[in-house]
Amino acid sequence: MSRPVSRASIIGALLKKELKAYSRDKVYLILTLVVLLLFPVMFNFLPDSVDENLTLAVSPSISSMIDGAKDTFREMGATEAQLAELDNADFTEGEEGLALVEFDDAEEMQRVIDGKLEAWRTEDGDIVLRDKEADEDKPEDAEKVNLDIGIAFPESFIADVAAEKKGVTVTVYSDANVPEEIQGAMESFVREAAYQLAGKELPVTMADEDSLVLGEDRAGDQISLKDKFRPMVIFMVLLMETFSMASLVSTEVLQRTVTSVLVTPARVSDFLISKTIFGTFMSLGQGLIVLLLVGGLTADNWSLILTTLLLGSVMFTGIALFVGASGKDFMGQLFYSMLFTIPLLIPSFSVLFPGTAAVWVKVLPTYPIIDTLVGAMSYGATWSDSIGSLAYATAWLVVLFFAGLFQLKRKVQTL
Amino acid sequence: MTPRLTFKILRKDIALGPRSPIFLWALILPFALTLILQVAFGSLFNPEPRLGIVDDGDSQITAQIEGMEGIDLVLLDDVEALKTQVEANDLDAGLVLPSGFDAAVKNGDRPDLQFYIGGESYASNRIILSVTTLDLVRDLEGSDAPVTVEVVNFGTVGLPMSVRLVPVIVFYALVMAGIFAPGSNLVEEKEHGTLMALLVSPAKIGDVLAAKWALGTILASIMAVATLVLNNALGSNWLEVLVVVLVAASLSSMVGLLMGTFAKDSTIMFGMIKGLGIFLFAPTLFYIFPEWPQWIAKLFPLYWILEPIWVVSVMGGSITEVWFELAVAIGITIALIPAVGFVARKVQTQMAAG
């Protein structure tokens, strides 16, 4: 006579068995460890700032051009006070996105753009040139400045244009790889500067800058690649677990060990519950480990992120059950895993693109998961902002999870 | 080894192959990768400033921007839709040109310029789009610019990312069709016991391995050529292309055969592919980043097959330019034959021992 065993202890025993089987599956165990280590390590190498400026070389320096123009301005009737104001003027003000590097010698600037000299910026902000061909030492405590476009103004540019002299020519030096739109913009920039110096006002009326910018102005505060990848890395870890969980289910089905399990007091429902708990726990656990390693949890978003991770884990467990029960062999299971996971990966890449995702991407089950993670981690989205996405994710979760359960149950019953 | 038996086994593999998921993957992957890398993600590698225009009066500005390279222009009918897209960062900037705008500028009426910038657009895109627009407005006004601008270019234009990605896609075609397909085919034969059945027939292990190698070579050649065609990278010297592709497929298939002979089951085969993946993939990175020291790529075996394809097919060069690389590739292929034979004999002994 055997004493009755509770459902909880049966499920507990099955969970122990799952853990043992998981630790024996060397390929996936190693892959899991690699993912857990590699993703956070690679994440730390991503740039955490955005260089959104165009770096432009100019020659001669702005101050020397101004000095050269002072006599002309005096002749045109400018007062000494007005000339003094010129010295303090910032000519790049209003040209947000343009970082100027000034050269006294146009030929040196030309050689830098041609790649024959390197420009390095010291900690003091000075530019030091290095002759690559002469194998000169790299300057210490300095960072290399990539200069691939520059403008060579004539020494008397300001004076000549202000005096409306004919035949003033400015040369834009550019590396051939600089995109055409940037070269074109630099030509336009020079012409517009000349119009302004010549006192020719714009033939249109411009609104003030604040009313031109739509949405939160993130100039100088753009979301870095690191911030964009943070939700993506966590999402990928959840997704990767689909492979190992599907492999576990597949092995059990193919080797028919499930039939041995079912001759014990365990029922099919116990088997399905233990698979669900184990898959969700593994996926969620790995997601949390990576989340802790890459950061992103704040006092404001932790509950939203953890809820989203839980939804994602259950969803991917459902997919793993479906895939694991579908393949006829290891390769078949791998094929189904890829077939399901590649389309489900697409929404995570949409975060790399600016703007709204395409409608067909939004329809995919994983879109609301990544959308909520991105919103909470990068844009400070709250529960109320994300409730629609969470509801949509839950609807997909129900469909996928029950499809997985149904497929596995059917498979187990036919063994 | 009997050619007749080898051919029979090959014919069987070709007939039954399409039932295997790996064959399907080998067929699908180059198409899927071309679609993903060149079409869907193409704009990631070459982002262009995005400008939306609502033009109610057939403005000359719209026509000029349409003719410009490097600006992604979207024409819209509705101002509100334009503002929504700019705010959502679907566009970097938006321009509204009402009816009569051109005439008003020409008449000196100084009309309002409705130019909107997206808060999330990069400062560099803002400056490109705004100065370009202002320049076109000045041009519309008809006044002579107070300055002449000359552009002097240095160097030569580098290859676009779409071309530099071709070796990546060809690599996957070769790996899936040349390495994974024959390797997993052999492993499946071991798992299902059909290899043992074959070996009790007059066929010898050499016949089986030769058939698998031929299968991988044929499949990898077809998929590599298909990939090159899909990516517009099949040179006009197609006979020479065929030679370099055949050499590449032969080496890939030999690597697949070695893995398939060595791996006891599909899990190990998959693990080997995963584990060796980065080692095999590494040379493709040097085509994406040509500024990296190129000699490092030569340390990886698949460099010797990718470089001839790159030179002859993608760059349209002559086969004589890559004779050394081809010789090394053929040398590696031949050198792998005894290794495959050694492992195969060991496997055969193990199978015989039961």
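Up top you'll find the structure we're talking about.
Okay, so let's go over this structure.

## Topic: the overall build of chain A
Thinking step 1. Scanning chain A for helices and strands turns up 16 helices and nine strands.
Thinking step 2. For chain A, the C-alpha radius of gyration of 32 Å lies well beyond 22 Å, the compact-globule estimate for 415 residues.
Thinking step 3. Seen through its C-alpha atoms, chain A measures out along the principal axes to roughly 115 × 55 × 35 Å.
Thinking step 4. When burial is assessed residue by residue, chain A has 48% of its 415 residues classed as buried.

## Things to note about the sheet that holds strand 5 (residues 142-145) of chain A
Residue and element names in this part refer to chain A.
Thinking step 1. Strand order in the open sheet made by the three strands is 4-3-5, with antiparallel pairing throughout. Edge positions in the sheet fall to strand 4 (127-131) and strand 5, since each has one partner strand and no second. Between one strand and the next, the sheet's axes are offset by a mean angle of 40 degrees, whatever the strand orientation.
Thinking step 2. Its contacts with the sheet put helix 5 (residues 106-113) on strand 3 (117-122) and strand 4, and the angle it makes with strand 3 is roughly 100 degrees.

## Remarks on helix 7 (residues 180-197) of chain A
Residue and element names in this part refer to chain A.
Thinking step 1. Taking 1.5 Å per residue, 18 residues should reach 26 Å; helix 7 reaches 26 Å between its end C-alpha atoms and fits that length.
Thinking step 2. Inspection of helix 7 places Glu181, Ile182, Gln183, Ala185, Met186, Ser188, Phe189, Val190, Arg191, Glu192, Ala194 and Tyr195 among the buried residues, and these make up the whole buried set.
Thinking step 3. Positive phi shows up at Gly199, right after helix 7, with a value of about 80 degrees.

## Here's the deal with the interface of chain B and chain A
Thinking step 1. Each side of the interface is counted separately: chain B has 73 residues, and chain A has 77 residues.
Thinking step 2. Sorting the residues of chain B by area buried against chain A places Arg110, Arg138 and Phe154 of chain B first, and these three jointly supply 13% of that buried surface.
Thinking step 3. Where chain B touches chain A, the interface holds four salt bridges.
Thinking step 4. Notably, a salt bridge pairs Asp217 of chain A with Arg126 of chain B, separated by 2.9 Å at the nearest N-O pair.
Thinking step 5. Remark: the boundary between chain B and chain A carries 30 residue pairs in polar contact (both at pLDDT 80 or more).
Thinking step 6. Looking at the side of chain B that touches chain A, the element that brings in the most residues is helix 7 (residues 123-141) of chain B, giving twelve residues.
Thinking step 7. By residue class, the composition of the side of chain B that touches chain A is 37 nonpolar, 19 polar and 17 charged.
Thinking step 8. Two elements, strand 9 (residues 213-214) of chain A and strand 4 (residues 112-118) of chain B, share two bridges in a ladder whose sense is parallel. Paired with Leu214 of chain A across the bridge in strand 4 of chain B is Gly118 of chain B.

## Some thoughts on a negative patch on the surface
Thinking step 1. Together, Glu123, Asp124, Asp126, Asp135, Glu136, Asp137, Glu140 and Asp141 of chain A give the surface a local cluster of negative charge.
Thinking step 2. Looking at where Asp141 of chain A falls in the secondary structure, it is placed in the loop between strand 4 and strand 5.

## Let's talk about the sheet that holds strand 6 (residues 149-152) of chain A
Thinking step 1. Sheet architecture is open: five strands sit in the order 2(A)-1(A)-6(A)-7(A)-5(B), paired in mixed fashion. Where the open sheet ends on each side, the last strands, each with one partner, are strand 2 (98-102) of chain A together with strand 5 (148-154) of chain B. Here the average twist between neighbouring strands, direction ignored, is 25 degrees.
Thinking step 2. Bridging between strand 6 of chain A and strand 7 (residues 169-175) of chain A involves four bridges; their strand directions are antiparallel. Counted as the bridge partner of Gly150 of chain A is Tyr173 of chain A from strand 7 of chain A.
Thinking step 3. Across the sheet, helix 7 of chain A is in contact with strand 1 (54-59), strand 2, strand 6 and strand 7 of chain A together with strand 5 of chain B; its angle to strand 5 of chain B comes to roughly 150 degrees.

## Some details on a nonpolar patch on the surface
Residues and elements named next belong to chain B.
Thinking step 1. Together, Val229, Leu234, Trp238, Leu239, Leu242 and Leu246 make up a nonpolar patch on the protein surface, roughly 580 Å² of accessible area in all.
Thinking step 2. Looking at which element gives the most residues to the nonpolar patch, the answer is helix 12 (residues 238-262), with four residues.
Thinking step 3. Mapped onto the fold, Leu234 is located in the loop between helix 11 (205-230) and helix 12.
Thinking step 4. For Leu234, a relative accessible area of 34% corresponds to the partly exposed category.

## With respect to empty space enclosed by the protein
All names here are of chain A.
Thinking step 1. Within this structure, the stated rule accounts for one cavity of 30 Å³ or more.
Thinking step 2. Here the largest cavity is characterised by a volume of approximately 30 Å³.
Thinking step 3. As for the largest cavity, its lining consists of Leu238, Glu241, Thr242, Met245, Gly279, Ser283, Ser313, Phe316, Thr317 and Ala320.

## Examining a positive patch on the surface
All names here are of chain A.
Thinking step 1. A cluster of basic residues, Lys16, Lys20, Arg24 and Lys26, forms a positive patch at the surface.
Thinking step 2. Looking at which element gives the most residues to the positive patch, the answer is helix 1 (residues 7-24), with three residues.
Thinking step 3. Relative to the helices and strands, Lys20 is located in helix 1.

Procedures and definitions
- The residue numbers shown here count from 1 along each chain, following its written sequence.
- Throughout, the order in which chains and ligands are written sets their labels, letters from A for the former and numbers from 1 for the latter.
- Reporting in this predicted model follows two pLDDT cut-offs: at least 70 for local features of residues, and 80 or more for side-chain atom pairs to be given and counted; totals over whole chains, interfaces and linings ignore these cut-offs and use all residues.
- No hydrogens and no water enter the side-chain calculation; it runs on all heavy atoms of the structure.
- Each helix corresponds to a stretch of at least 4 residues labelled H or I by DSSP, and each strand to a stretch of at least 2 residues labelled E; elements are numbered beginning at the N terminus.
- Using C-alpha atoms as the atom set, the radius of gyration is obtained and then compared with a globule rule of 2.2 Å times the number of residues to the power 0.38.
- Remark: exposure states derive from per-residue accessible area (1.4 Å probe, protein chains only) relative to the maximum for the residue type, with buried under 20%, exposed over 50%, and partly exposed in between.
- DSSP-based pairing: two strands are paired if at least 2 bridges between them are found.
- Axis angles are defined between N-to-C directions and span 0 to 180 degrees, where every axis is a line fitted to C-alpha atoms and, for a helix, only to the segment in contact.
- Whether two residues touch is decided by their heavy atoms; if any such pair falls within 4.5 Å, the residues are in contact.
- Multiply 1.5 Å by the residue count of a helix minus one, and that product is the helix's expected span.
- Buried area adds together the accessible area that both of two parts lose upon being put together, with accessible area traced by a 1.4 Å probe.
- Should a side-chain nitrogen of Lys or Arg be within 4 Å of a carboxyl oxygen of Asp or Glu, the pair is scored as a salt bridge.
- Whenever two N or O atoms come within 3.5 Å, that pair is a polar contact, provided that in protein one can donate a hydrogen and the other can accept it, and provided that, for residues adjacent in sequence, both atoms are side-chain atoms.
- All residues other than Ala, Val, Leu, Ile, Met, Phe, Trp, Tyr, Cys, Pro, Asp, Glu, Lys and Arg, Gly among them, are scored as polar; the first ten of these are nonpolar and the last four charged.
- Candidates for patches are residues over 30% relative accessible area with no salt bridge; among them, like charges are joined within 9 Å and nonpolar side chains (Val, Leu, Ile, Met, Phe, Trp, Tyr) within 5 Å.
- Reported accessibility uses the Shrake-Rupley method at a 1.4 Å probe radius. Residues are deemed covered only where the shown protein chains occlude them.
- Residues scored as positive are Lys and Arg, those scored as negative are Asp and Glu, and His as well as the terminal groups of each chain are ignored.
- In plain terms, the charge of a residue is placed at NZ if it is Lys, CZ if Arg, CG if Asp and CD if Glu.
- Cavities and pockets are found on a 1 Å grid laid over the protein atoms alone: a cavity is a set of points where a 1.4 Å probe fits but cannot escape, a pocket is an open set with protein on both sides within 12 Å along at least five of seven lines, and a lining residue has an atom within 4 Å of such a point.
- Grid points are joined across faces, edges and corners, and a volume is the space filled by probe spheres set on the points.

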